[in-house]
Amino acid sequence: MTESATETIYRSCPTCEASCGLVLEVDQDARQVISIKGDADDPRSRGYVCAKSQAFNHIHEDPERLREPVRRTADGWESISWEEALSEVGERLHGIREQYGKDAIAMYYGNPNGHNFNTQIYTELFINMLNTERFFSAGSVDQQPKNLACELLYGNAWLIPVPDLERTDFLVCMGGNPLVSQGSLLGAPDIKARLQELHERGGRTVVLDPRRTETAEVAQQHLFIRPGSDAFLLLAWVNELFSNDWVTVGALAPIVDGVMELRQLVAPYTAASVAAVTGIDAATIRQLVADFHAADNPVLYGRIGLCTQEFGTVASWLVEVINILSGRLDVPGGSMIARPATGQNEPLPYQPLKHGRWKSRARGFPEYMGMLPASLMAEELSCEGADAVHALITVAGNPVLSVPNGKAVRSAMEKLDFVVALDFYINETTAAADIILPSTTQLEHSNYDFLFSAFCQRNFARYSPQVFAAADDSREQYELLLEVAARMNGMEAADLNAMMLDGMLAQICAAAADPEARAAQIKAATEQYRDSERFLDILLRLGPYGDQFGDNPDGLTLAKVSAAEHGIDLGPLQSMLPHALRTENKRINLVPALIVNDLPRAALALQRPLPDLVMVGRRHIRDMNSWLHNLVPYARGKNRCTLLVNPQDATRLALHEGQPAEITTAVGSQVLEVVVSDEMMPGVVSFPHGFGHTYADSGQSTARQRLPGVSANDLVDETLDVPSGTSVVNGVPVSVKPVTGVP
Ligand SMILES: Nc1nc2c(c(=O)[nH]1)N[C@H]1C(S)=C(S)[C@@H](COP(=O)(O)OP(=O)(O)OC[C@H]3O[C@@H](n4cnc5c(=O)[nH]c(N)nc54)[C@H](O)[C@@H]3O)O[C@H]1N2
Ligand SMILES: Nc1nc2c(c(=O)[nH]1)N[C@H]1C(S)=C(S)[C@@H](COP(=O)(O)OP(=O)(O)OC[C@H]3O[C@@H](n4cnc5c(=O)[nH]c(N)nc54)[C@H](O)[C@@H]3O)O[C@H]1N2
Ligand code: SF4
Ligand SMILES: [Mo]
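Procedures and definitions
Residues numbered from 1 in each chain as written. Chains lettered and ligands numbered in written order. Predicted model: local features only at pLDDT ≥ 70, side-chain atom pairs only at ≥ 80, totals over all residues. Heavy atoms only, no water. Buried < 20%, exposed > 50% of the residue type's maximum accessible area, 1.4 Å probe, protein only. Helix = DSSP H or I, 4+ residues; strand = E, 2+ residues; numbered from the N terminus. Arc of directions from axis to C-beta. Contact = heavy atoms within 4.5 Å. Axes fitted to C-alpha atoms, helices over the stretch in contact; angles between N-to-C directions. Parallel < 35°, antiparallel > 145°, perpendicular 65-115°, else oblique. Nonpolar A, V, L, I, M, F, W, Y, C, P; charged D, E, K, R; others polar. Salt bridge = Lys/Arg side-chain N within 4 Å of Asp/Glu carboxyl O. Near = heavy atom within 4 Å. Polar contact = N/O pair within 3.5 Å; in protein donor to acceptor, adjacent residues only side chain to side chain. Areas by Shrake-Rupley, 256 points an atom, 1.4 Å probe, with all protein chains shown as cover. 1 Å grid on protein atoms, 1.4 Å probe; cavity = no way out; pocket = protein on both sides within 12 Å on 5 of 7 lines; lining within 4 Å. Points joined across faces, edges and corners; volume = space filled by probe spheres on them. Core = buried A, V, L, I, M, F, W, Y, C linked by side-chain atoms within 4.5 Å. Expected span 1.5 Å × (residues − 1). Pairing = 2+ DSSP bridges.

Trainee: What is the right way to look at helix α16 (residues 406-414) in this model?
Mentor: Since one α-helical turn is 3.6 residues long, residues separated by three or four positions face the same way. Among all positions in α16, only G406, V409, R410, A412 and M413 are buried. Buried residues in α16, looked at end-on, bunch into an arc of 165 degrees, giving them a common side. On its buried face, α16 is in contact with α14 (377-381), β17 (391-395), α15 (399-402) and β18 (418-422).

Trainee: Just checking my understanding: could you explain the packing of helix α17 (residues 477-488) against helix α18 (residues 493-509) for this structure?
Mentor: When two helices pack together, their arrangement is given by the angle between the helix axes and the distance between those axes. Interaxial distance between α17 and α18 falls to 8 Å at its minimum, and their mutual angle equals 105 degrees. Taken together, α17 and α18 sit at an angle that is classed as roughly perpendicular. Within the contact between the two elements, α17 uses L482, E483, A485 and A486 and α18 uses A493, L496 and N497. Here the contact of α17 with α18 is built from residues that sort into 5 nonpolar, 1 polar and 1 charged.

Trainee: What exactly am I supposed to notice about the pattern of salt bridges here?
Mentor: Think of it this way: side chains of opposite charge can pair up when their charged atoms draw near. Across all of its chains, the model carries 45 salt bridges by this definition. Between R410 and E414 there is a salt bridge, and its shortest N-O distance comes to 2.7 Å. With R410 and E414 both in helix α16 and 4 residues apart, the pair spans about one turn of that helix. Counted as one network, the salt bridges with shared partners bring together K102, D103, E133, R361 and D387.

Trainee: I keep staring at the site of ligand 2 and nothing clicks. Help me out?
Mentor: Residues in close proximity to ligand 2 total 32 residues, the closest being S181, D209, G228, D230 and D623. At 2.7 Å from an oxygen atom of ligand 2 is found a side-chain nitrogen or oxygen belonging to D209. With respect to ligand 2, the backbone of G305 contributes an N or O atom lying 3.5 Å from an oxygen atom. For ligand 2, whose free accessible area comes to 920 Å², the fraction covered by protein is 98%. Looking at the shell around ligand 2, the elements that each hand over two or more residues are α5 (178-181) and α12 (304-307). Considering every element that reaches the shell around ligand 2, the biggest residue donor is α5, with 3 residues.

Trainee: In this structure, what is going on with the site of ligand 1? I would like to understand it.
Mentor: Close contacts around ligand 1 come from 27 residues, with Y108, N111, D423, Q477 and S626 the closest. Between W627 and ligand 1, the recorded distance is 3.4 Å, taken from a side-chain N or O atom to an oxygen atom. The separation between a nitrogen atom of ligand 1 and a polar side-chain atom of H689 is 3.4 Å. Burial of ligand 1 by the protein amounts to 96% of the accessible area it has alone, namely 920 Å².

Trainee: What's the story with empty space enclosed by the protein in this structure? I'm lost.
Mentor: Empty space left among the atoms is revealed by rolling a probe the size of a water molecule over them. Per the stated rule, a full pass over the model turns up 6 cavities of 30 Å³ or more. Quantified by volume, the largest cavity comes out at close to 80 Å³. Along its surface, the largest cavity is lined by C13, T15, C16, S19, C20, L22, V49, C50, K52, S53 and Q182. Of the residues assigned to the lining of the largest cavity, the class counts are 6 nonpolar, 4 polar and 1 charged.

Trainee: Can you help me understand the nonpolar core in this one?
Mentor: Nonpolar side chains in soluble globular proteins generally cluster together in the buried interior. Ranked by internal contacts, the top residues of the largest apolar core, which has 146 residues, are W237 and L437. It is helix α8 (residues 230-243) that contributes the most residues to this core, 10 residues altogether. Once residues within four sequence positions are removed from consideration, L437 is found in contact with P69, W82, A85, L86, V89, V420, A421, L422, D423, L480 and V484. By size, the runner-up hydrophobic cluster in this structure holds 55 residues, among which are V389, A412, L416 and I426.

Trainee: Would you explain α18 in this entry?
Mentor: When the terminal C-alpha atoms of α18 are compared, their 24 Å separation across 17 residues agrees well with the 24 Å that a helix rising 1.5 Å per residue should span. Considered for burial, the residues of α18 that qualify are A493, L496, N497, M500, L501, M504, L505 and C509.

Trainee: Explanation requested: the environment of S439 in the structure shown.
Mentor: Here S439 shows up in the loop between β19 (435-437) and β20 (447-448). Exposure remark for S439: the relative accessible area of 9% places this residue in the buried category. For the pair formed by S439 and R475, sequence separation is 36 residues and the distance between their alpha carbons is 5.3 Å. In this view, S439 contacts F424, R475, E476, Q477 and L480; residues no more than four positions away in its chain are not counted.

Trainee: Would you explain the side chain of S686 in this entry?
Mentor: Looking at where S686 falls in the secondary structure, it is placed in strand β29 (residues 684-686). If near-sequence neighbours (up to four positions away) are discounted, S686 is found in contact with R211, V616, G617, R618, T642, L643, L644 and M680.

Trainee: Quick question: what am I supposed to make of the sheet that holds β18 here?
Mentor: Strand order in the open sheet formed by 7 strands is β5-β4-β19-β18-β17-β6-β7, and the pairing between neighbours is mixed. Edge positions in the sheet fall to β5 (76-79) and β7 (135-137), since each of these pairs with one other strand and no more. If you compare each strand with its neighbour and ignore which way they point, the axes differ by 20 degrees on average. As judged from the 2 bridges shared by strand β4 (residues 70-73) and β19, these two strands associate in the antiparallel manner. Looking at the pairing, V70 lines up with I436 of β19. Docked against the sheet, α17 engages β6 (105-109), β17, β18 and β19, running at close to 150 degrees with respect to β18.

This is the structure we're talking about:
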């Protein structure tokens, strides 16, 4: 601190994947952030920020944010000491596991953990210590089809190529709205400017989406596609490539297997045969494929609309397949694998697919990545008998609003013996907990853009310092994970932490000439850091740009990375294949059995009559899933939880702008306000998720009063994308009718 009480701190925004650079002016004496602005010197975001850049400070200041552990009593919530809270959690979980076995404790892991390096580093340990077969996460309402497709093709679930927007000249975007979401699994701040740059260079963007989205508005072409039909369009696309002799795998050809089998598999799917199901006529499909083929530097990208649908894995797989068959994988301007400084995309040893090692109890659905589908959470929590779940741990997640059958999740939670939530709000989910353990906010701990530096446009390293010293007696989320895991197992957290460091060092140093000496050297060299920062220093130093603990003295260390206030640009994406491949034979098999076996299910679906009306989701720039609605700046303004309806549908269903309508699915009904817009494809309505702040016991009064909305997930059933177990939240058949009266 200088004599002035204000201080300038540079860090990245922890709220969405774009991870924009920020400049914070802070008053340390008052522990207040005076301003948050875009950092013009950040090479990635170039000063750009969106409306949510202030969110983490508003959360920090929100009087309803929990600052100490609370316990639910018959008379409401009571504050308790950390020791009391942690020992009760440890004892209860230990007791339940002793009595009913390890799988009697379920866990749900939410999305904000992806934005917290320190938590990520300790998550694997926590999961391993918990060792439950009832592990759920937001990933199965999100990207798991992409995880599975990439794992089967490239050998690792997180080896996911990103479209190289800076060098492409033809972007096809399916099921993503990066102008609003700010890009998912493509991490590019200010997507709008990047697309403008692409268009100024003479490039084009084509959007395939059942809604004419904000992204479609700036694209050269938008095609309405029927929800859930992308797999069919892409099968026909592959067929077109073969029929026209346009398959040009290029440099990867010597390591790509299965091209001929693929040709057979796609033979039944012609542009004409998929026109009806996709809603796109055959000539337009053929022209799209021809345009892509004719472009110098095309790339195909698919995101959540492509994942969370009936054939999410097949569609996500075909996106990769088309890029490969067109010679667009691992080339500039195509689909490229990033090279994060923390080394997670380096050539690591082959690990067999984690799929089907156990099954859900209620319906015998196979696990993937150690997880059961979030859509099955309600039924799994409700199992009866010897195999019943007795306890639940939630970690930064709000499954009651975010997961299909949310209302049933909530009811099932209420019947459990014990629920502990690691969260800093009493919301629709955590209100059903017995104890809530609130962690520090993003302003009170350091961070590193670990996950999102693996999905970037240029390689980069970015450390974010702690802004305010954490309040006395507050805990970081990773400390809570350590405490809970240790206490459940009758251990001390400090001992568990030390074991983790030694275990990690043993693993890292196994191949060294003298593993023990190397581990001792690394331990000594990183002594100035503790816990997750120590792991970060180790990962950076051993990573692809690292100093290798002396062998490459100019390389990165945490000291160097943290001294770089605007982050470090590590250059454009580079070719990573084949050396980064982690498949067993170091080859790419285009026709993995797990996916190919799902094609008959698709073939059957092609015979079905088309539903009259289906629902899809949407995101708004000022929302982040369910959790920013308690912040006044994001809760005010026009109602955003509305049903978008095409004018033709509005007319035939007698729906009127601004009037309430009842939307009904196989599992329930909700009433929400109609907005009539030709941005919707006829036959499709759009209903955003993350609303439904209607539980009277939620401690988020702003959300409850100003922006309650209704929950889309109360209308979604357990239907799954079969190979990955991902929720089908898009393309859900619905009926809609007017309601008299004003909502
Ligand atoms: N119908 C439908 N459903 C969807 C989707 C959809 O498109 N349509 N999208 C899905 C997707 S992509 C996702 S990622 C999921 C999100 O699903 P979830 O991750 O379950 O839900 P969030 O609303 O993000 O809830 C985040 C929770 O974390 C808490 N939290 C935030 N930051 C912190 C922190 O630093 N520490 C702690 N301890 N807690 C914190 C918040 O208070 C909140 O309770 O929703 C999914 N659900
Ligand atoms: N402002 C804001 N930003 C966010 C979030 C947020 O809640 N708010 N959430 C963050 C998270 S957790 C994630 S995972 C990302 C997601 O990022 P994106 O994938 O960009 O998500 P969406 O904006 O929901 O865009 C999905 C699009 O898919 C379309 N769609 C629906 N069904 C289909 C279909 O069957 N086929 C095709 N082709 N399209 C379909 C929808 O109409 C929608 O336009 O966003 C992140 N960024
Ligand atoms: S785009 Fe994302 S990372 Fe950038 S300021 Fe907005 S919320 Fe933060
Ligand atoms: Mo997500």
